[in-house]
Amino acid sequence: MTDRTTPAPRICPNCDGFATVAITTGSRDRHGHLRTVTANCRACDGLGTVPAHRVREGARA
């Protein structure tokens, strides 16, 4: 009997699971707070995980 379950997603190798970051622009607003810009990982679209690849039996690598 073959196992037909979906493999668990794996952590994104590009961002190591830290998919969204806040980057300071270096400037401050009129209240004195630092301005930040959020950026998402392009590889996982801000999820932190990527789908696991299933290896087919008999497939060549």
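None of the values given here were measured: they were computed from a predicted structure.

(A) The arrangement of the overall build of the protein in detail. A tally of regular secondary structure across the protein gives zero helices and four strands. Put simply, the protein runs from its N terminus to its C terminus through helices and strands in the order β-β-β-β. Classification of the 61 residues of the protein by burial places 11% in the buried group. Only carbon and sulfur atoms are counted for the fraction: they give 51% of the accessible area of the protein, which is about 5,700 Å².

(B) How the structure looks around the environment of T38. Looking at the element boundaries, T38 is found in strand β3 (residues 34-40). Between the C-alpha atoms of T38 and I23, which are 15 residues apart in sequence, the distance is 6.2 Å. Setting aside residues up to four positions removed in sequence, T38 forms contacts with T20, V21 and A22.

(C) Fine view of the pairing of strand β2 (residues 20-28). Sheet topology places β2 next to β3; six bridges connect them, and they run antiparallel. Paired with I23 across the two strands is V37, which belongs to β3. In textbook terms, the turn of a hairpin is the stretch between consecutive antiparallel strands, and for β2 and β3 this stretch comprises five residues, one of which, G32, has a positive phi near 95 degrees.

Definitions and limits used
Residues numbered from 1 in each chain as written. Predicted model: local features only at pLDDT ≥ 70, side-chain atom pairs only at ≥ 80, totals over all residues. Heavy atoms only, no water. Helix = DSSP H or I, 4+ residues; strand = E, 2+ residues; numbered from the N terminus. Buried < 20%, exposed > 50% of the residue type's maximum accessible area, 1.4 Å probe, protein only. Areas by Shrake-Rupley, 256 points an atom, 1.4 Å probe, with all protein chains shown as cover. Contact = heavy atoms within 4.5 Å. Pairing = 2+ DSSP bridges.

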